[in-house]
Amino acid sequence: MGYKVFISPEDRASNVYASSALWNGRTTNEKEQMGRCADYLEIALKRCGFEVTNAQYGNMYDRVAESNAWPADLHMALHTNGFDGTVAGTRVHCYPAERSRKIGRLIQDRIAPLSPGTSERLVESDNLYELRATHMPAVLPEFGFHDNPEEAQWLIDNMAAIAEETCKAICEFFDVPYIAPEKQNDLPPEPVELPEVLYRVQVGAFRIRENAEAYLEMVQNAGFPEAFVTEVKN
Ligand SMILES: [Zn+2]
């Protein structure tokens, strides 16, 4: 059995993203986007052999209790940040213990260079409930600031990549080989080769359109419903 990762994405839809940042043509919020992140992360982690709980239900107290009871080998809360719209950058929060620091640093070092913001840092915290009440290494990435318009759009547009990089960090943390998505998924479809010559079957040629239409009806009734009339210049 693989290592067990408990994913706990933000549950508050009241944390709205900058109004200019659109997802599918409309405004969005932290619950919706961290739900996407959790789904991408679940797919990536399972591909790499992890067991995953994707807890898009309950509040943080329910989730911490479930994570401890499982018990998970790693507790991952997923968040984006908010301040006054002017600040941007990745800030991963971790519990102040060796293993939590290690996974915090691995995620911070992969996401921070990708995010547009530069106000970035690893933050040690023993007062966030999901970090202090969990019994295993616990980390709470704030991937970027969702009230900063540029960073909010970056978060929306790069959620799959953010999850994939987070998965790489988790693989490194547990010393598990990272397995990339199937190559076919991001290659364009093979071009279809059209033959240079086509052989067509013709059953009549008429000077008057109505005669052609009448003959077409006869041909169709004879069992060739896909027959059609085409106009050809002499
Ligand atoms: Zn949050």
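For the structure given in this document, a descriptive report is provided here. Computed from a predicted structure; not experimentally measured.

## Section: the layout of surface pockets
Gaps between atoms show up when a probe of the same size as a water molecule is rolled over them.
Moving on, step 1. Space inside the largest pocket adds up to approximately 970 Å³.
Moving on, step 2. Residue lining of the largest pocket: 23 residues in total, with Gln202, Gly204, Phe228, Val229 and Thr230 positioned closest to the centre.
Moving on, step 3. Partitioning the lining of the largest pocket into residue classes produces 14 nonpolar, four polar and five charged.
Moving on, step 4. Of the voids in this model, the second largest pocket is the one considered here, and its volume is about 360 Å³.

## A closer look at the sheet that holds strand β5 (residues 121-124)
Moving on, step 1. The six strands are arranged β2-β1-β3-β6-β4-β5 in an open sheet whose pairing can be described as mixed. Among the strands making up the open sheet, the edge pair consists of β2 (51-54) and β5. Strand-to-strand, the axes of this sheet are offset by a mean angle of 20°, without reference to chain direction.
Moving on, step 2. With four bridges connecting them, strand β4 (residues 91-94) and β5 associate as parallel partners. Looking at the pairing, valine 92 lines up with leucine 122 of β5.
Moving on, step 3. The strands that helix α1 (residues 30-47) touches are β1 (4-9), β2, β3 (74-81) and β6 (138-145); relative to β3, the one it contacts most, it runs at about 145°.

## Quick look at unusual backbone geometry
Moving on, step 1. The step from tryptophan 70 to proline 71 runs through a cis peptide bond, and the omega angle for that step is -10°.
Moving on, step 2. In this fold, proline 71 is placed in the loop between α2 (60-69) and β3.
Moving on, step 3. Unusually for a residue other than glycine, asparagine 24 sits at a positive phi of about 50°.
Moving on, step 4. Residue position: asparagine 24 is located in the loop between β1 and α1.
Moving on, step 5. Residue classification places asparagine 24 among the exposed positions, given a relative accessible area of 65%.
Moving on, step 6. A positive phi is found at aspartate 175, a non-glycine position, where the angle reads about 60°.

Conventions we followed
Residues numbered from 1 in each chain as written. Predicted model: local features only at pLDDT ≥ 70, side-chain atom pairs only at ≥ 80, totals over all residues. Heavy atoms only, no water. 1 Å grid on protein atoms, 1.4 Å probe; cavity = no way out; pocket = protein on both sides within 12 Å on 5 of 7 lines; lining within 4 Å. Points joined across faces, edges and corners; volume = space filled by probe spheres on them. Nonpolar A, V, L, I, M, F, W, Y, C, P; charged D, E, K, R; others polar. Pairing = 2+ DSSP bridges. Helix = DSSP H or I, 4+ residues; strand = E, 2+ residues; numbered from the N terminus. Axes fitted to C-alpha atoms, helices over the stretch in contact; angles between N-to-C directions. Contact = heavy atoms within 4.5 Å. Buried < 20%, exposed > 50% of the residue type's maximum accessible area, 1.4 Å probe, protein only.

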